[in-house]
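Secondary and tertiary structure notes
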Amino acid sequence: MQTYKRLLSYILPYKGRYTLAMALVVLSVLCELLTPWLFGRAVDLGVAGGDMQLVLLYSGLLIVAQLVRSGFHYMQWIVQHQAGQNIVRDIRDQLYDKLQLLSQSFYRDMPTGQIMSRMTSDVESVQEYMGWGLLIQFAAITSFVGTAIALFFVDGPLTSVLLLPLLPLAVVVYFFDKHIGAMWKAIRDQMGQLTTVLQENISGVRVVKAFASQALEIDKFRGRNGEQRDLNLKRAKVEAWSFPAMDLMVGLIFVLLAWYGGLRVMNGETTLGTFFAYQWYLWGIIWPVRFGGWIISMMREAMGAAPRLFELLDRDPQIADRPDARPLPRVTGKIEFRNVSFAFPDDPSRNVLDGFNLTIMPGEVVAILGETGTGKSSIFNLMLRFYDVTEGAILIDGHDLREVTLESLRRQMAIVPQESFLFSATVADNIAYGHPEATREQIVAAAKLAHAHEFIVALDQGYESIVGERGIGLSGGQKQRMALARALLTEPRILLLDEATSAVDTETEHNIQIALEEVMAHRTSLIIAQRLSTIKHADRVVVIEAGRVAESGTHDSLMAHDGAYARLYALQYREQDEAEQEALAAIGREHYDDVDEQLTDPHLELAGR
Amino acid sequence: MPFEVYEKETEVDERPFDVGRFRRMLRYLIPYRRRVAAILIAILMSAAVTLFEPYLLGQVVDRGITPRNPTAITQIALLLLGLHLLGWIGNTLRINWMNHVGQSVLFDLRQELFNHIQKLSLRFYDQRPVGKIMSRITSDVNAIAELVNNGLVTIIGQGISIIGITIVMFWLSWQLSLLAFITMPILAIFFNKVRPHIETGWKNVQRTTSNISANTNESVNGIYVTQAFQREVPNFGTFQRLTQHSNDAWMRTIRIEEMVWPVVDIVGVGGTALVVVAGAWLALQGEVTLGLVLAFTGYLWRFWPPISSMSKVYGQALSAMASAERIFEFLDTPAEVADAPHAIDLPPIDGAVQFDHVNFRYDPDQEMVLKKINLAVLPGETIALVGPTGSGKSSMINLLMRFYDPIEGAIRVDGYDLRDVTMTSLRHQMAIVLQDSFLFSGTIAENIRYSTVGASDEAVRRVAEAVHLAPFVDSLPEGYDYNVGERGNRLSVGQRQLVAFARALLADPRVLILDEATSSVDTRTELVIQQAMERLLEGRTAFIIAHRLSTIRHADRILVIENGRIIESGTHEALLARGGRYLDLYRKQWVGQRAA
């Protein structure tokens, strides 16, 4: 009932329309009652009385009444559909708005397919009821009650007898209504699962094909598809037992009319015209019952779908502005991690970060190293406040992240995430994603910095080429460079690079690093990288182990310290040194000198910063 | 996501009703033709009520009331009761069976569509957003199911009623019947006029729906970037435009469709009025009895509601036709890469791979991305592909996996042209680790086992150890039963790569393809894998794409690809000694690497 009330509350903004539609329903029901009456008059007074003029008069009125009724009818539906559609649009928009607010932890748990099925088929179920069923329901009740009342005036005793089958009918309706709701709920829930399987299959098509596992996928889908069919059949069974029973009860009304009505006419207690008019009047009772089962079913379907929508709408974003949150003023870029611990909300026992302490000065370039899964990306997620720390605090320029508005915080940062996601839009739009008002010159400048300009202008439509899901395929390296351009364009105070060039070829990576040097000079930058080559411009290297800072310092101090970094360095360069020897042997001194010329004693450079 | 990338609505399509498409829809009933025949009988049973009820009520007058015979009235009433009981049984059977047929057709259609898109080539997927493909399998299929579930019963049931009533009416009085139907041509003209508008209207509604679906899917997948770059507000604007468009498309359609019902009603009442007038006149002349006029008008009264209901179904049918067009478009998309009719199962291979004058491009109006590639790889050889982004490395891999077929030339494995063998037998002997490692929701074990269903736990553990995934898994309380989440989002990117690597190894492929397989893995783990590589690759042919030249130094042969051509080929040492492009790349990288 709570659900139903809440569903109906969506009507409020359109209560004018709904009132109009309902008024039109009443009018058209009245016209509907008028038609058989006119018909009866035509028969009683005209045909039976042998008065052709009356026949003509009533027949003419019959047509007029129908014209009026059809007019009302049409208007009623248009008004109703419009209102229903608006409601559906409102619900969809609200859902979308909510989806954009919900935190990353929500997306960690909720499969995309579930979200999709709610945004599409669940909303459609609600739409059907709100834009259709609700008014039919109202019309049915109006017609039913109106007709019954009218009939009592026409012939009270006859009507009382005729309506007797309504008692058993009520019992059938009660049981039907009781069972159908749960079934619809199960169907809607299962549809979400089916959509999830479908969504994953299509998203993972490359893997499916690569492992020739179509048969497996088909089985998986067939399972869900079959469940959906079976649940629907179960629902259908309930309908199949209820609907005809309802129909039968209505049929009994006709049987009673033939028997009791016939006897009454014969005994002169009522007229022949009344007897015939009843045939038509009774439709006003019959159709509501016939449609009744169907309307209830539709209503229950909507009420099975609605909680799935409300559940999304009622989710509170775990990360939201506090009531007293202030905008973060333009920062210099000092970052402090004070004894930060972090565990994912769905995995609270496993601390990804554990007593993490780190202070980064404004303008510093800090490289973060660590093994796969040690929490490097989590540091960025926490800085962007995609998650809140479980313990401790993160401060930027002395402001606790939780005390400032999300918008002002994120506006001053830009991230190049590990997996570069591009939207279905032009290259230019993608680069300007975080700064939609950027001019073409700014976009091109950012693309040049990220060394993306060359390949972009080589595309058929240059900056206007559509990329993303429906666009041209870009290589991993090209996508990364666009993601980098996107981040640079926002001119962030704090730049976060999470393996930003892992898929870029080394030559380009090298060029990007040179370009970035200037960019990073004015802002605080954090760089996650596996390859030491990527972090050569860092002022400081932080090595993370088991969610803590294991080492921190310049290249030289860390090498001197002979800890994790030194080991890593040795690992990475042992092979390199071998290669160097080989190269030396293979290419001879002459070429090697070329190489040497380009080495501008990086160790000193790093140490000197 | 600017608005412009979404599918546009179409102009009114004036093509005549596509009978072929309609027939094709009906074909889905063929497997259930017995059921459908039984349903027909059930419908006849319920139609009996509609057909005989007015007649019997007329009889109450003629045999009961007029001659004042109460027994006759009771008898007729009992007959009517029997009729309703018959109708009740008929209805129960009908609804049961019809739902069975309807749900089965829905199941079949959905499954057929799903099975078909499994066969379709990557190009199909490259051109369509995930959300749009989904929308056809869910909402378009539903539109057809709706027609089968409700519409068909209405069409058959009401059709039978209409035919029956027409016969009875003609039998009662052919003059009155002709008079009653005189208004029918108006309806025919009207239906013909509105059909294209309604059909196109529904097509546009489906389009806007699928736009919403595409946008939702993309928004969800890109939520991280959206939130990081604070794009919520403009995105919401785009979405609002899409929902508003959907709203408008719906209303445009419904405004026309809703006209059908009132028009049918008006035409029906018009005809009825004519009959009343004429009937009264005939009765006055004594040509017909009063009872006949009443019975006749009674039938006429029952004649129009079925037409009204059918006109409702008409809208539904047109909507289904619009969806059918979209579904059949998918079903009729041929799998560009498919098993040839004569394709044989590839026997166990040694792993010799040959590219023979291969030309390839993705689009006909594009320049060739691979140009006359010639390459012979011996079984067990490790081939590294290097070259700038977009040079054609991934295209070579795509061809080798037979995701695409070459435009010219051939690719052979152990002498078999890839086009002459079945894809399943080919791909079961190959495995690939992709740059973006896609994992399915489920446990780590399930994901590793994806390549080889039924592999033992022992085998799973062995490959996990081989790629150095095991230490991480062992640190988890759930171990191999840890749920990785959708796309593996509960793992780090590097961990995902390791799972994907293990998955590929479990297949024990003869040909292994590593496309930047360890780009996000930490150095130590990568080195562990590197060291294990020799053993992992033993006896397999391997293709490795990597940007970091250090990782491919030990390859048997390194190919430098540029602009779709192999410009250099040889061992690391040979290529360095040659002093060409490889040296150039190496030198640049060296500068980068050493600079740390």
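Residues numbered from 1 in each chain as written. Chains lettered and ligands numbered in written order. Predicted model: local features only at pLDDT ≥ 70, side-chain atom pairs only at ≥ 80, totals over all residues. Heavy atoms only, no water.

In this section: the overall build of chain B. If you tally the helices and strands in chain B, you get 19 helices and 10 strands. Relative to the compact-globule value of 25 Å for 596 residues, chain B shows a C-alpha radius of gyration of 35 Å, a clear excess of over 25%. For chain B, with 596 residues in total, the buried portion stands at 65%. A total of about 21700 Å² of accessible surface is found on chain B, and carbon and sulfur atoms cover 57% of it. Looking at chain B, you have 57 positive and 60 negative side-chain charges, and the mean spots of the two groups are 2 Å apart. (Helix = DSSP H or I, 4+ residues; strand = E, 2+ residues; numbered from the N terminus. Rg over C-alpha atoms; globule rule 2.2 N^0.38 Å. Buried < 20%, exposed > 50% of the residue type's maximum accessible area, 1.4 Å probe, protein only. Areas by Shrake-Rupley, 256 points an atom, 1.4 Å probe, with all protein chains shown as cover. Lys, Arg positive; Asp, Glu negative; His and termini not counted. Charge placed at Lys NZ, Arg CZ, Asp CG, Glu CD.)

Right, let's get into the side chain of Arg490 of chain B. When you line up the elements, Arg490 of chain B lands in the loop between α15 (470–475) and α16 (493–506). Here Asp346 of chain A takes part through its side chain, which lies 2.8 Å from a polar atom of the side chain of Arg490 of chain B. Look past the residues within four positions of Arg490 of chain B in its chain and what remains in contact with it is Arg108, Asp346 and Asp347 of chain A together with Tyr482, Asn483, Val484 and Gly485 of chain B. (Polar contact = N/O pair within 3.5 Å; in protein donor to acceptor, adjacent residues only side chain to side chain. Contact = heavy atoms within 4.5 Å.)

Residue and element names in this part refer to chain A. Once the domains are mapped, chain A shows domain 1 (2–314) and domain 2 (335–412 + 492–532). Measuring from the centre of the C-alpha atoms in domain 1 to the corresponding centre in domain 2 gives 56 Å. With 5 residues of domain 1 at the contact, the number on the domain 2 side is 5 residues. For the pair domain 1 and domain 2, the summed buried surface comes to about 460 Å²; carbon and sulfur atoms form 52% of the total. Two residues, Arg108 and Asp346, come together in a salt bridge whose shortest N-O distance is 3.2 Å. Between the two partners, domain 1 and domain 2, sit 1 residue pair in polar contact (both at pLDDT 80 or more). A class-by-class count of the residues in the side of domain 1 that touches domain 2 yields no nonpolar, 3 polar and 2 charged. (Domains from an automatic or database assignment. Buried area = accessible area lost by both parts, 1.4 Å probe. Salt bridge = Lys/Arg side-chain N within 4 Å of Asp/Glu carboxyl O. Nonpolar A, V, L, I, M, F, W, Y, C, P; charged D, E, K, R; others polar.)

Our focus in this paragraph is the sheet that holds strand β11 (residues 540–545) of chain A. Two strands in a sheet stick together by hydrogen bonds in their backbones, pointing the same way (parallel) or opposite ways (antiparallel). Residues and elements named next belong to chain A. Spatially, 6 strands are ordered β6-β9-β10-β3-β11-β12 in an open sheet, and the strand pairing comes out mixed. Of all strands in the sheet, those bounded by a partner on one side alone are β6 (413–416) and β12 (548–553). When the angles between neighbouring strand axes are averaged without regard to direction, this sheet yields 20°. The pairing of strand β3 (residues 365–370) with strand β10 (residues 524–528) spans 4 bridges and is classified as parallel. In the sheet register, Val365 faces β10, and the bridge partner there is Ser525. (Pairing = 2+ DSSP bridges. Axes fitted to C-alpha atoms, helices over the stretch in contact; angles between N-to-C directions.)

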